[in-house]
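Given next are the chains, with one letter for each unit.
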Amino acid sequence: MGTSGKTAAFVLSGLILIALAAGGYWLLQETKPQMCPICQRSIHAESRAVVVFDGWRTPVCCIRCGLTHSHQIGKHGQLVEVTEFHSLRPMKPESAFYVEGSRISKCDPHDSALVDQTKRPYQRVFDRCEPSTYAFARREDAEAFQRENGGVVLSWAQLQKEVEKKP
């Protein structure tokens, strides 16, 4: 094998290593759980929503987190997409029916026991992801979920009013 053949083999080996590294990095990014930029909890497929803040589309862990955050910071973030609980398909918030406050909560708190600076436990007073809120394409599906898991069925307008009443 001549010098040019060795050089070509060396370059080809380098390109293969770069391709393997890039593929490994991509796989790592695709398999690690997405985190909510607001509360740092995992984004679950059944509860995922998309909020627009300052022109940026941002996936968040749940409908409640996106809506509550908008009211807390005093900057209107627009909820532009919710995920249908059963089919996992994205849909417009206005066309969904919601079950609020069911026994199911995909956004479990990070720690079951919270402690203050003196290491004494304290009760959680506020959690922006609670009460749990899930979207359904059909009212019948929302009512069936409610019968099985509790909660209240709300329209989009009712949900917005409910969130505005909370801190």
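The structure we're discussing is the one just above.
Note that this is a predicted model, so its numbers are computed, not measured.

Draft legend 1. Structural view of the overall build of the protein. For the protein, the helix and strand inventory stands at four helices and nine strands. Starting at the N terminus and walking to the C terminus, you meet the elements of the protein as α-β-β-α-β-β-β-β-β-β-α-β-α. Expressed as a percentage of its 167 residues, the buried residues of the protein come to 34%. Restricting to contacts in the protein with at least 6 residues of sequence separation, those with at least 24 account for 66%. For the protein, the exposed area adds up to about 10,800 Å²; of that, 57% sits on carbon and sulfur atoms.

Draft legend 2. Here's a closer look at the sheet that holds strand β9 (residues 152-154). The three strands lie next to each other as β8-β5-β9, forming an open sheet whose pairing is antiparallel. Lying at the two open borders of the sheet, with one neighbouring strand each, are β8 (133-136) and β9. Along the sheet, successive strands turn relative to each other by an average axial angle of 30°, direction set aside. In terms of strand pairing, strand β5 (residues 97-100) meets β9 through three bridges, oriented antiparallel.

Draft legend 3. The arrangement of empty space enclosed by the protein in detail. Counting across every chain of the model gives one cavity of 30 Å³ or more. Its residues assigned to classes, the lining of the largest cavity comprises four nonpolar, four polar and one charged.

Draft legend 4. Highlighting the packing of aromatic side chains. One pass over the full model with this rule turns up six aromatic pairs. An aromatic cluster of at least three residues, connected via ring pairs, comprises Phe 85, Tyr 134, Phe 136 and Phe 145.

Draft legend 5. Focus on the pairing of strand β1 (residues 49-53). Counting buried positions along β1 gives four out of five residues, so the element sits mostly inside the fold. Pairing analysis gives five bridges linking β1 to strand β2 (residues 56-60), with the strands arranged antiparallel. Note on β2: the bridge partner recorded for Val 51 is Thr 58. Here β1 folds back onto β2 in antiparallel fashion, the turn holding two residues, of which Asp 54 has a positive phi close to 50°. The pairing of β1 with strand β3 (residues 78-83) spans four bridges and is classified as antiparallel. Each bridged residue has a counterpart across the sheet, and for Ala 49 the counterpart in β3 is Val 82.

Draft legend 6. A look at unusual backbone geometry. A cis geometry characterises the amide bond from Glu 130 onward to Pro 131, with omega recorded as 0°. On the secondary structure map, Pro 131 appears in the loop between β7 (121-122) and β8. One non-glycine residue, Leu 88, lies in positive phi territory at about 65°. Mapping Leu 88 onto the fold places it in the loop between β3 and β4 (90-91). Take Leu 88: its relative accessible area is 41%, and that puts it in the partly exposed class.

Draft legend 7. Highlighting the nonpolar core. Counting 25 residues, the largest nonpolar core has Cys 61 and Ile 63 as its most contacted members. Of all hydrophobic cores here, the second largest spans seven residues; its members include Val 99, Tyr 134, Phe 136 and Ala 142.

Definitions and cut-offs
- Residues numbered from 1 in each chain as written.
- Predicted model: local features only at pLDDT ≥ 70, side-chain atom pairs only at ≥ 80, totals over all residues.
- Heavy atoms only, no water.
- Helix = DSSP H or I, 4+ residues; strand = E, 2+ residues; numbered from the N terminus.
- Buried < 20%, exposed > 50% of the residue type's maximum accessible area, 1.4 Å probe, protein only.
- Contact = heavy atoms within 4.5 Å.
- Areas by Shrake-Rupley, 256 points an atom, 1.4 Å probe, with all protein chains shown as cover.
- Pairing = 2+ DSSP bridges.
- Axes fitted to C-alpha atoms, helices over the stretch in contact; angles between N-to-C directions.
- 1 Å grid on protein atoms, 1.4 Å probe; cavity = no way out; pocket = protein on both sides within 12 Å on 5 of 7 lines; lining within 4 Å.
- Points joined across faces, edges and corners; volume = space filled by probe spheres on them.
- Nonpolar A, V, L, I, M, F, W, Y, C, P; charged D, E, K, R; others polar.
- Phe/Tyr/Trp six-rings, centres within 6.5 Å; stacked < 30°, edge-to-face > 60°.
- Core = buried A, V, L, I, M, F, W, Y, C linked by side-chain atoms within 4.5 Å.

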